[in-house]
Amino acid sequence: MIKMNKLILCFIPTNFCNFKCEYCVVSQTNEWERSDILFKYSVEHIIKAFNKKRLGGDCYINLTAQGETLLYKDIVPLARGLLEEGHAVEIVTNGSVTKKIDEILGFDEELLKRLFFKFSYHYKEIRDTRFEKMFWDNVRKIKKSPASFTVELMPHDEISGDIDDICRRCNENIEAVCHATVGRNDKKNSKELLTNMTKAEYVSTWGKLKSTMFDLKMDLFGVKRKEFCYAGMWSLLVDISSGEASQCYGRMNTQNIFEDLTKAIHFMPVGYSCTQSFCFNGHAHVAWGIIPELESPSYYEVRNRTCDDGVNWVKKDCEVLFKQKFADNNKEYSKEKKIIHTIVNPFFLFASLFHDIPGLKRKVKKICKIITGKF
């Protein structure tokens, strides 16, 4: 049986998208026109950088662009290469790029069994347009294929009165209701709920979708994590345009994993030093068990639905993978080692602060935007 031991989050810094959703982080930060991204390495080089031996085993690799992931020109060979390396791969998409989806569905069946599509359901943007038929046609293609999928809605106030219609459209097209994520205000470091409702009103409104994903994210929302976190050890965030890697979201880059493929990747856990106001990617980090002390639903539970026709969104092979927790497949630190890590980690972070000067400048610029509100 394949044992998942790490979560690798691959960030594709392209802002190209055929939608302009108001709640998107790119809209919030007004970065649609960003065009300064240079991809330094070939797809072949990137795939070699992610070989199983170097990463320490089988990994779950998420591919997400800042815009639409399937508009990244090399997404098809990148996904195929990572699957051929033996990893499981997740592609985040708005479901509108039919040509790329058809190309990917042409992969060998054994590869597709380890492939997962996260469809972002932009209800307001696609309802009653040509994109709506395209979206549901593509979701149904995946449903009939060996690949797994989920459909996830971004709740926002403007569509809060449309929940019955949202459920109707989901049931008519895939015989199950979409999951829901949680919107956050990325203009603020506190990352408040992206709503004018109170938290109680927000939960009452969107809880009608009965989404395990939504429930987990709301349980984590606004709660500062104080447990020992293995992000950075059991997970990594990598910018595939450069190879710069960090322990988790909001952390400075600590190494470049593409420059020298003979050099080992340095895995160092966040531990007790999380700087985020809460774990906003907890539907992945927490669900995969990167904070072992924290009980949570499995990744299978936050992604799957069972259709009225009996088909599960997460199919057999992915089900086996998604029900795993990384703590089952990795060794945890002893109490003594956690103490030593707590002492050493600040020095590690300081030493890595100046590792990526251009990245440091971008981070400082973004922080200044957040503080001043000048997006």
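Calculation criteria
- Residues numbered from 1 in each chain as written.
- Predicted model: local features only at pLDDT ≥ 70, side-chain atom pairs only at ≥ 80, totals over all residues.
- Heavy atoms only, no water.
- Salt bridge = Lys/Arg side-chain N within 4 Å of Asp/Glu carboxyl O.
- Helix = DSSP H or I, 4+ residues; strand = E, 2+ residues; numbered from the N terminus.
- Buried < 20%, exposed > 50% of the residue type's maximum accessible area, 1.4 Å probe, protein only.
- Pairing = 2+ DSSP bridges.
- Contact = heavy atoms within 4.5 Å.
- Axes fitted to C-alpha atoms, helices over the stretch in contact; angles between N-to-C directions.
- Phe/Tyr/Trp six-rings, centres within 6.5 Å; stacked < 30°, edge-to-face > 60°.
- Disulfide = S-S within 2.5 Å.
- 1 Å grid on protein atoms, 1.4 Å probe; cavity = no way out; pocket = protein on both sides within 12 Å on 5 of 7 lines; lining within 4 Å.
- Points joined across faces, edges and corners; volume = space filled by probe spheres on them.
- Nonpolar A, V, L, I, M, F, W, Y, C, P; charged D, E, K, R; others polar.
- Expected span 1.5 Å × (residues − 1).
- Bend = angle between axes of the 7 residues up to and from the residue.

Enquirer: A description of the pattern of salt bridges should follow, citing residues and the corresponding values.
Expert: Inspection of the entire model under this criterion finds 21 salt bridges. Among the ionic pairs, Lys141 bridges to Asp102, the shortest N-O distance being 2.8 Å. Taken together, the residues span a long stretch of sequence, with Lys141 in helix H8 (residues 130-144) and Asp102 in helix H5 (residues 98-104) at a distance of 39 residues. A residue is classified by how much of its surface remains accessible, and Asp102, at 39% relative accessible area, is partly exposed. Through salt bridges that share partners, Asp128, Glu132, Asp165, Arg168, Arg169 and Glu172 make up one connected network.

Enquirer: Tell me about the sheet that holds strand S8 (residues 244-246), and name the residues and values.
Expert: The strand order S6-S5-S4-S3-S2-S1-S7-S8-S9 describes an open sheet built from nine strands, whose pairing is mixed. The sheet terminates laterally at strand S6 (179-180) and strand S9 (255-256), the two strands that pair on one side only. Where strand S7 (residues 235-239) lies against S8, two bridges are found, and the strand directions are antiparallel. The residue bridging Val238 from the neighbouring strand is Ala245, located in S8. Taken strand by strand, helix H4 (residues 75-84) contacts strand S1 (4-12), strand S2 (58-65), strand S3 (88-93) and strand S4 (115-121), and its axis lies near 170° from that of S2.

Enquirer: Quick rundown of the environment of His156? Include the residues and the values.
Expert: Looking at where His156 falls in the secondary structure, it is placed in the loop between strand S5 (148-153) and helix H9 (163-174). A relative accessible area of 5% means that His156 is categorised as buried.

Enquirer: I'd like a rundown of the pairing of S7, residues and numbers included.
Expert: By the criterion of burial, S7 is predominantly enclosed, with five of the five residues buried. Along S7, one buried face is formed by Ser235, Leu237 and Asp239 and the opposite face, lined by Leu236 and Val238, is buried too. Bridge count between S1 and S7: five bridges; the pairing is parallel. Following the sheet pairing, Leu9 is matched in S7 by Leu237. A loop of four residues connects S7 with S8, the two strands running antiparallel in sequence, and Gly243 in this loop sits at a positive phi of about 90°.

Enquirer: With reference to specific residues and values, describe the packing of aromatic side chains.
Expert: Inspection of every chain in the model, using the stated rule, returns 27 aromatic pairs. For the pair Phe119 and Phe135, a centre-to-centre distance of 5.9 Å together with 85° between the ring planes defines the contact as edge-to-face. Note that Phe119 is positioned in strand S4 and Phe135 in helix H8, a separation of 16 residues in sequence. For the pair shown, Phe119 and Phe135 are each scored as buried. Measuring from ring centre to ring centre gives 6.0 Å for Trp288 and Phe322, while their planes differ by 80°; the resulting arrangement is edge-to-face. In this pair, Trp288 is assigned in the loop between helix H12 (282-285) and helix H13 (299-303) and Phe322 in helix H14 (residues 316-322), connecting sequence segments 34 residues apart. Of the two residues, Trp288 and Phe322, neither departs from the other in class, the shared state being buried.

Enquirer: Give me the lowdown on the state of the cysteines, citing residues and values where you can.
Expert: Tallying each qualifying case throughout the model produces zero disulfides. In this structure Cys10 is not part of a disulfide, and its nearest cysteine sulfur, from Cys59, lies 9.7 Å away. Note on Cys10: relative accessible area 2%, which makes it buried.

Enquirer: Go over empty space enclosed by the protein with me, naming the residues and quoting the values.
Expert: Here the structure, examined in full by the defined rule, presents two cavities of 30 Å³ or more. Taken together, the residues of the lining of the largest cavity sort by class into 10 nonpolar, five polar and three charged. Considering only enclosed or pocket space, the second largest cavity measures out at about 40 Å³ in volume. Lining the second largest cavity we find Val182, Arg184, Lys217, Phe221, Phe278, Cys279 and Phe280.

Enquirer: Any chance you could break down helix H16 (residues 335-352) for me, citing the residues and the numbers?
Expert: Between its terminal C-alpha atoms H16 stretches 25 Å, which fits the 26 Å expected from 18 residues at 1.5 Å a residue. At Val344, H16 shows its strongest bend, of approximately 35°, with the proline Pro346 following within four residues. Among the residues of H16, those classed as buried are Lys338, His341, Asn345, Phe348 and Ser352.

Enquirer: I'd love a proper account of the environment of Leu111, names of residues and values included.
Expert: Relative to the assigned elements, Leu111 resides in helix H6 (residues 109-112). By relative accessible area, which is 10% here, Leu111 ends up buried. Apart from residues no more than four positions distant in its own chain, Leu111 is found in contact with Arg80, Leu83 and Glu84.

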